[in-house]
Every structure is written in structure tokens, then in C-alpha cells.
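Descriptive analysis of the structure
These are the residues of each chain, in order.
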Amino acid sequence: MQLDDVTKVFAACMKDASVFDRDAPGGNLFEVERIKKERRDWLAIAAGVPGSEADSLFPSNSARAERATIPLSILGGGQASFFFVLRPLSRFPEASVPFERMAHFSPGDDIPFVEIRAAYFRLSDMPGGDNGLSHLRWEFDLTTGHQDPMEDWLRLWKGRLGCNPGHPPSHLHFNAPPADAETLASGRSPPSSPQLRLAVGVPNPLTMIFSVAVWLRQQ
């Protein structure tokens, strides 16, 4: 398994979803970079990310960093952005990889699993139709997810569960008002905006994108 194979699968997924477009040179739906973290090679895939994130991902390629800030447009209206840092895995479990960082991927392409180091998938300003869903975000934030909760009554449970249940590492936001790009990048939320962060397991990135695409096509 190679990082390039993961790129090809992502490209095929985004193309066949047929609900995203991006005003970027060459018509590419995302930017890709190989990065080194924790003495391992990772693949960074990004579109519509804040400038600070883009600069850290593409420090030696300013043109690619600038392109990485271009968001996706969504069929029917709205915008999407996403960011994944991951690497392919051949088996589950892998002794050196925590369970919370592993997700199914594409066994039909001989990439049965991936390890996810950081990720988000954000959709905003969608028409929503009769269901009124205009904003949807999935966030995978290991840093904040392991910090002490702001709520005193949850601190004991943080020790018992091994994560912050008030801001779990993998969570969904429904109709949370979109913050500015830099605030989102930092993992902070506006203090005046109460939000539901619904804890979920780490999803397969591909099936998550396809399931959103099915819903968008029905609008």
C-alpha cells in the first residue's frame, strides 16, 4: 500500500459523489501533500482550510498552500471544506496504533484500514430543504478531546473514559453556527454559542462522503 493509492481512492470518491465542485486550477477537488509526523509518512488531503493550516501543510509550496484555502461548492448551494491526515494500514488491530485512530477504508482497493491523525469535514450554508439542516460538521480532534473538561462535574468521567466527554475526539455538530476560519482551526468555539457535540465513533471517510452525497442529491 502506498500513499498515492489513498489519493487515487479519495479522488474517485469525490468524483463519483458528483455533488462537489471547486474553482481551482486544473479542476482538482483537493490538494495533497506527503508529510512526516511521529517518524511516519502521512498523507494530508485538504480543501477550503484556513490559511494558517494551509501554510503549515505546504511550507515549501506557497502556490499549493493558497489553492488549499479554496473551498468546495456544494450542489444546490453552500460550501464544504475538509482536511484529513491519514496513512494506510493493512490490518486491524495494529499494535502500535490506538483504536480511536483507526477507521475502515477501502478493502476492495487493498486498503482495508487507515490511521487518522487529524480530520474534519464541514458543510455550511446549505439550502437544507424541509428538514432545515443548513450546517453540518464532523470533527476529529485528539488534542482537545483529551484535555480536561471545562465542566467540573465531567472531570471524574474524563479519567474513567479516557477522553473529554464534553468535547469528545470524534463528534458531530448539527446546525452549529459556523465560526470564522481561524477559530475553527484552533478548535475553540464562540463562548456565546452553546453547541451539541454528539460523540460518534471514527467513521470511514469515504462512506461519510458518499452518505452526505446521497442526502444532497435528494434535496
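Model, not experiment: these values are computed from the prediction.

When glycine is set aside, most residues are seen to have a negative phi, and most peptide bonds are trans. If you check the backbone angles, S18 has positive phi at about 60 degrees while not being a glycine. Here S18 is to be found in the loop between helix 1 (3–17) and strand 1 (20–21). Of the residues examined, S18 reaches a relative accessible area of 45% and is grouped as partly exposed. Even without being glycine, D110 reaches a positive phi, approximately 60 degrees. In this fold, D110 is placed in the loop between strand 6 (102–106) and strand 7 (111–124).

Another point: the packing of helix 1 against helix 7 (residues 205–217). Where helix 1 contacts helix 7, the axes come no closer than 9 Å and their chain directions differ by 10 degrees. For the element pair helix 1 / helix 7, the angle class is roughly parallel. Across from V9, F10, C13, M14, D16 and A17 in helix 1, the residues of helix 7 making contact are P205, L206, I209, F210, A213 and R217. A class-by-class count of the residues in the contact of helix 1 with helix 7 yields 10 nonpolar, no polar and two charged.

On to the packing of aromatic side chains. One pass over the structure, following the stated rule, counts nine aromatic pairs. Ring geometry for F10 versus F30: centroids 6.4 Å apart, planes at 75 degrees, classification edge-to-face. Residue F10 is located in helix 1, and its partner F30 is located in the loop between strand 1 and strand 2 (31–37); the two are separated by 20 residues in the primary sequence. Each member of the pair, F10 as well as F30, is classed as buried. On the numbers, 5.8 Å between centres and 50 degrees between planes, the contact of F82 with F84 is tilted. Both residues of the pair, F82 and F84, belong to the buried class. One Lys or Arg, R122, reaches over the ring of Y120 and ends 3.4 Å from the middle of that ring. Taking NZ or CZ as reference, R160 lies 4.0 Å from the ring centre of W157, over its face.

All right, on to the pairing of strand 5 (residues 79–89) then. Taking burial as the measure, the 11 residues of strand 5 include 10 buried ones, the bulk of the element. Hairpin remark: strand 4 (residues 72–74) followed by strand 5, antiparallel, with four residues in the connecting loop; positive phi at G76, about 90 degrees. Across 11 bridges, the pairing between strand 5 and strand 7 is antiparallel. In the strand pairing of strand 7, Q79 is matched with S124.

Here we come to the pairing of strand 2. In terms of strand pairing, strand 2 meets strand 3 (residues 40–47) through seven bridges, oriented antiparallel. Paired with I35 across the bridge in strand 3 is W42.

A separate point is a nonpolar patch on the surface. A cluster of nonpolar residues, F174, L196 and L198, forms a patch on the protein surface that exposes about 280 Å² of accessible area. Relative accessible area serves as the criterion here: at 38%, L198 is assigned to the partly exposed category.

Position of F210 relative to the elements: it lies in helix 7. On the accessibility criterion, F210 (34% relative accessible area) is partly exposed. Spatially, the C-alpha atoms of F210 and A65 are 26 Å apart, while their sequence positions differ by 145 residues. When sequence neighbours within four positions are dropped, the list of residues in contact with F210 reads C13, D16 and A17.

Of all hydrophobic cores here, the largest spans 41 residues; its most connected members are F10, F20, F82, F121 and L123. Other than its neighbours up to four places away in sequence, F10 contacts F30, I45, F84, L86, F105, P205, L206 and I209. Of all hydrophobic cores here, the second largest spans 13 residues; its members include V49, L57, F58 and A68.

Rules of the game
- Residues numbered from 1 in each chain as written.
- Predicted model: local features only at pLDDT ≥ 70, side-chain atom pairs only at ≥ 80, totals over all residues.
- Heavy atoms only, no water.
- Helix = DSSP H or I, 4+ residues; strand = E, 2+ residues; numbered from the N terminus.
- Buried < 20%, exposed > 50% of the residue type's maximum accessible area, 1.4 Å probe, protein only.
- Axes fitted to C-alpha atoms, helices over the stretch in contact; angles between N-to-C directions.
- Parallel < 35°, antiparallel > 145°, perpendicular 65-115°, else oblique.
- Contact = heavy atoms within 4.5 Å.
- Nonpolar A, V, L, I, M, F, W, Y, C, P; charged D, E, K, R; others polar.
- Phe/Tyr/Trp six-rings, centres within 6.5 Å; stacked < 30°, edge-to-face > 60°.
- Lys NZ or Arg CZ within 6 Å of the ring centre and 35° of its normal.
- Pairing = 2+ DSSP bridges.
- Patch = residues over 30% accessible without salt bridge, like charges linked within 9 Å, V, L, I, M, F, W, Y side chains within 5 Å.
- Areas by Shrake-Rupley, 256 points an atom, 1.4 Å probe, with all protein chains shown as cover.
- Salt bridge = Lys/Arg side-chain N within 4 Å of Asp/Glu carboxyl O.
- Core = buried A, V, L, I, M, F, W, Y, C linked by side-chain atoms within 4.5 Å.

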